[in-house]
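# Geometric and topological summary
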Amino acid sequence: MHGLVALLLALAALRALVGTDIPATRAALIVAAVAITVGVYVVGNLLPSVESSVRASALWLGCLTLAWVGLYALTAEGIWFAFPLFFLVPHLLPVRVALPVVAGLTVVAIVGYAAHRGAVTTGMVLGPVLGAAVAVATVLGYQALHRESEERRRLVEDVVAARASLAAAERHAGVLAERERLAREIHDTLAQGFSSIQLLLRAAERALPSDALDAERHVRLARVTATDSLAQARRFVRALAPPELDGSSLPAALERLCARTAAEAELDVRFHSTGDAVGLPTAVEVALLRIAQSALGNTVRHASASRAEVTLSHMDASVTLDVVDDGRGFDPAARGGRGGADSVAGGSAGTGFGLAAMRTRAAELGGVLTVESGPAQGAAIAVTFPVPAPGGSAR
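It should be emphasised that the depicted structure is a prediction, and the values quoted were computed from it without experimental measurement.

Reading guide: rules and limits
- Residues numbered from 1 in each chain as written.
- Predicted model: local features only at pLDDT ≥ 70, side-chain atom pairs only at ≥ 80, totals over all residues.
- Heavy atoms only, no water.
- Helix = DSSP H or I, 4+ residues; strand = E, 2+ residues; numbered from the N terminus.
- Buried < 20%, exposed > 50% of the residue type's maximum accessible area, 1.4 Å probe, protein only.
- Contact = heavy atoms within 4.5 Å.
- Areas by Shrake-Rupley, 256 points an atom, 1.4 Å probe, with all protein chains shown as cover.
- Core = buried A, V, L, I, M, F, W, Y, C linked by side-chain atoms within 4.5 Å.
- Expected span 1.5 Å × (residues − 1).
- Pairing = 2+ DSSP bridges.
- Patch = residues over 30% accessible without salt bridge, like charges linked within 9 Å, V, L, I, M, F, W, Y side chains within 5 Å.
- Salt bridge = Lys/Arg side-chain N within 4 Å of Asp/Glu carboxyl O.
- Axes fitted to C-alpha atoms, helices over the stretch in contact; angles between N-to-C directions.

Within the protein, the secondary structure is distributed over 11 helices and five strands. Within the protein, the fraction of its 395 residues that count as buried is 40%. Taking as baseline every contact in the protein between residues at least 6 positions apart, the subset at least 24 positions apart corresponds to 64%. Roughly 20,800 Å² of accessible area belongs to the protein as shown, and the carbon and sulfur atoms make up 63% of that amount.

Structure below.
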C-alpha cells in the first residue's frame, strides 16, 4: 500500500512538473497538494491510535480524503489516489460504515474525472466502480483470512495449554501412583519386617536370662529378618521383583513365607497348593506374594490366632489365594464390609491401610479380593486373578 501511494503521488507530481500543458502556478499548487497528501498519509501511519481507534481512523481518513479532493480538483491524475482510499476505508472502518463511504468516494472519482474531461464515458464509470468492488472484496477477504488465522492461533494455544495441563496432570498422577506403590511396598515388606523384628526381640527379652539359647535363636531370626527387609527395600526402590521370586516359583516362595512366619511368631502356619501350576505374569505373582505377606502379618499382629493356612489354587481360568486364620475375627458389616482396621482379625491397633492396599493391588490387575469374618470365628481373605489364555498377554 505504501509503495502504491508513493508511486501514484509521484506520478501526479512528475506529470505536473514535466507537462507542457500545465501552467507553472497550477503545477506548483499540484506539487503542494501532493506534499500535503503525502504528509497526511505519513502522519496517519505513524500514529498508533489510527489502527486501534475507529474515531482516530475516521478522522485520519477524513483529512486524507480532503487532501485527495484538493489534489483531484487541480489535476485529473488525482483519480488514481482513489484506489488506495478504496482499500484503506474498509480496512479501518466497520463494514456498515465503510461501504457507504466507498460508494461516495466512487461517485466523487467518477464526477471529478468527468469534470476534468468534460464528458462521461462507460469506461470512466466502470473503472472506479470495478476498482472499488475489487478493493472491498480484497479487504473483506483478507479480514476473513485474518480472523480465521487468529482463531486457529487461539485454538493452537488452547491445545498447547491443554497438553501442558494434561502433562502436568499425568506427572501428578504418576507421582501419586509411585507414592502409592511405595506405601504398599513399605507396608507389605518393611512394616511387616519391623513388626517381626519387634516380636522376635520381645521374645528374646522374655527368654533372658533363663534361656540364653532360645534368646539367641530369636535374635538370629531378627537379624535374618532385618537382612531380608533391607534387600526388600533395595528391590522396591528399583521397582524390581521381590527377592523371594528370584529363581523360585510362587508356591515355593509362599511356602518359605509360611515357614518363616511360623518360626518368627510361633504360630502354626501351613501352606497348600492345589491344581496344576501354570506360569503367571510376574505382576500377578508379586501381588499374590505381597497380599499373603500382608494378610499373615495382620494375623500375627492382631488376630491372636493359633493357626493359619495359606492355600494357592490353580484353576482353568483363574488363580486364587486364600489366607485363613482361627483368630478372634471381627464383624465386616460393622466396618463397612471392608475390614475397617488394618487387620483381618479386627485388632484395634491397625493403620487402616492393609486391606485397602490389598484391594488396590487386586483391582489393578483385574482381580477381586473378598473378606469373610465374624466375632470369634476367625477370618478369611481370598483374592482371585484371571489367568491369561496360553499365548495371551499379561496385563
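Here the narrative resumes.
If you look at the biggest cluster of nonpolar residues, it comprises 37 residues, and the most contacted ones within it are Leu-288, Leu-321 and Phe-385. Among the elements of the structure, helix 9 (250–265), strand 1 (268–274), helix 10 (282–303), strand 2 (307–314), strand 3 (318–325), helix 11 (354–364), strand 4 (368–373) and strand 5 (379–386) are those that each provide at least two residues to this core. Tallying contributions element by element places helix 10 first for this core, with nine residues. Once you skip the residues sitting within four places of it in the chain, Phe-385 turns out to touch Val-284, Ala-287, Leu-288, Ala-317, Ser-318, Val-319, Arg-361, Ala-362, Leu-365 and Gly-367. Formed by 35 residues, the second largest nonpolar core is a distinct cluster that contains Tyr-41, Leu-71, Ala-82 and Ala-135.

Let us look at helix 6 (residues 95–117). If you check helix 6, its first and last C-alpha atoms are 33 Å apart, about what 23 residues at 1.5 Å a residue would give, namely 33 Å. Count one or two residues on from helix 6 and you reach Gly-118, which has phi positive near 75°.

This part is about the environment of Val-134. Residue placement: Val-134 occurs in helix 7 (residues 122–207). Given a relative accessible area of 51%, Val-134 falls into the exposed group. Through-space distance from the C-alpha of Val-134 to that of Phe-86 is 8.9 Å; in sequence the pair is 48 residues apart.

We now examine the pairing of strand 3. Counting buried positions over the eight residues of strand 3 gives six, a clear majority of the element. When strand 2 meets strand 3, the two strands line up antiparallel, connected through seven bridges. Within strand 3, the position partnered with Ser-313 by the bridge is Thr-320. With antiparallel pairing between neighbouring strands as the criterion, strand 2 and strand 3 make up a hairpin whose turn holds three residues. Two elements, strand 3 and strand 5, share eight bridges in a ladder whose sense is antiparallel. Note that in strand 5 the partner of Ser-318 across the bridge is Pro-386.

Right, let's talk about a nonpolar patch on the surface for a bit. A cluster of nonpolar side chains, namely Leu-14, Leu-17 and Val-18, defines an oily patch on the protein surface of about 320 Å² accessible area. Within the element layout of this structure, Val-18 appears in helix 1 (residues 2–18).

Before going further, it helps to examine the sheet that holds strand 2. The strands making up a sheet associate through backbone hydrogen bonding, with each pair oriented either parallel or antiparallel. Spatially, the five strands line up as an open sheet ordered 1-2-3-5-4, and their pairing is mixed. Because the sheet does not close on itself, it has two edges, and the strands there are strand 1 and strand 4. On average, each strand axis in the sheet is inclined to that of its neighbour by 10°, with strand direction left out of account. Along the sheet face, helix 10 touches strand 1, strand 2, strand 3, strand 4 and strand 5 and points at about 10° away from the line of strand 3.

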